[in-house]
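Now for the letters of each chain:
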Amino acid sequence: MTMEYNEQYMRRALELAAHGAGNVSPNPMVGAVIVCDGRIIGEGYHRCYGQAHAEVNAVNSVAPDDRPLLSRSTIYVTLEPCSHYGKTPPCAKLLIDCGIPRVVVGAVDPFSRVAGRGINMLREAGIEVVTGVLARESQRLNAAFFTAHTLHTPFVTLKWAQSADGFMDCKRTPDRPAARFSTAETTTLCHQLRSLNDAILTSAVTANADRSQLTVRHWDGRSPRTVVIDRSRRLAHDAPIRATDPIIYNGGTLTDILSDLYSAHGVTSLLVEAGPTLLQSFIDQDLWDVARVETAPFQLGDEGAAPSPRLAATPIRTDYIGSNRLDLYTQNPLLLP
């Protein structure tokens, strides 16, 4: 089969995989398409962490009358089929048992428990395996998963909102609460972003000042695990974030904290919503993958406080949501144009 033919069905598998966003982490988003004689006879994607993988859903979607066709079909999978028993049985074994003679894989799995083992299992069973079809697109879709399991540290997204003249807050008084830069629509987008991350990190100072739980309330998704850096042990006993049973770090460098989140807590993606000092520390130490900056259309002038972090980068994308501007920055190779 031609590469163009392979890419046609792999693109469909990638479309399916994207439907798992926000529901499958720390697993990757995976899609699968089964084709026989130029006809799709089955397709599926990984819908929810702990549930059936894409290959299982694709096989189960094949109509009874088409089941005999599996013995001469090709399955297109965006990521290497797993070879180990985890929450579910190995998908490589399923494909062998189904008698599917040809498997086309997007990208090799970077996770050490898979990392080529699934492909080897298939080939040892006499199955033809083609790899690297739209591999970059598969890696891009799962940038957090690939980054985390390659570097053994979470994929880090920095997020903040600011005034047009670069302040993250106003000078607060008893009669003047924190400045509000986000609109109802961008707040919804913020909660969507939270739902796409395994954990969300802030400082005790920010948690005390903003009285936020950092949960998902304006989006239909799961709330991330909360993480608080509290080196001075200042987190208030009545801080709302305590209700989320946060992971609290009283010491350690940012590098140590990120390493522990990955190795001890299984965090592959981390959203940082904090004040400018902590955000700047992530930037200065080069510990970030993506930055999402929202800019409101008004200035604070002399009433401005908490100058925004300094980010020496050019946005790869700019969107306007109403009158607010959203700039997206990245230094992750998987996401660069």
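A brief structural summary. Being a predicted model, the structure only gives us computed values, none of them experimental.

The rules we used
Residues numbered from 1 in each chain as written. Predicted model: local features only at pLDDT ≥ 70, side-chain atom pairs only at ≥ 80, totals over all residues. Heavy atoms only, no water. Core = buried A, V, L, I, M, F, W, Y, C linked by side-chain atoms within 4.5 Å. Buried < 20%, exposed > 50% of the residue type's maximum accessible area, 1.4 Å probe, protein only. Helix = DSSP H or I, 4+ residues; strand = E, 2+ residues; numbered from the N terminus. Contact = heavy atoms within 4.5 Å. Pairing = 2+ DSSP bridges. Axes fitted to C-alpha atoms, helices over the stretch in contact; angles between N-to-C directions.

So, about the nonpolar core. Nonpolar side chains tend toward joint burial in soluble globular proteins. Counting 32 residues, the largest nonpolar core has Ile-34, Ile-41, Leu-70, Ile-75, Val-103 and Leu-122 as the members making the most contacts within it. Those elements that provide at least two residues to this core are β1 (31–36), α2 (54–60), β3 (74–79), α3 (91–98), β4 (102–107), α4 (117–124) and α6 (143–151). With near-sequence residues (within four places) excluded, Val-103 lies in contact with Ile-75, Leu-95, Leu-122, Ile-127, Glu-128, Val-129 and Val-130. Ranked by size, the runner-up nonpolar core spans 28 residues in total, among them Leu-158, Met-168, Ile-247 and Val-267.

Listed in full, the buried residues belonging to helix α10 (residues 276–284) are Pro-276, Leu-278, Leu-279, Gln-280, Phe-282 and Ile-283. Once α10 finishes, Asp-286 follows within two positions and takes phi at roughly 60°, a positive value.

Where burial is concerned, most of β4 is hidden: 6 out of the 6 residues are buried. Looking at chain direction, β4 and strand β5 (residues 128–130) are connected through 3 bridges and run parallel. From the neighbouring strand, Arg-102 faces β5, where its bridge partner is Glu-128.

Our focus in this paragraph is the sheet that holds strand β8 (residues 199–203). Spatially, 8 strands are ordered β10-β9-β8-β11-β6-β12-β15-β14 in an open sheet, and the strand pairing comes out mixed. Whereas interior strands pair on both sides, the edge strands pair on one side only; in this sheet they are β10 (247–249) and β14 (317–321). Within the sheet, the average angular offset between the axes of one strand and its neighbour, ignoring direction, is 20°. Summarising the sheet, strand β9 (residues 225–229) and β10 pair through 3 bridges and their orientation is parallel. By the bridge assignment for β10, Val-228 is matched with Ile-248. Packed on one face of the sheet, helix α9 (residues 254–265) meets β6 (155–162), β8, β9, β10 and β11 (269–273) and runs near 150° to β10.

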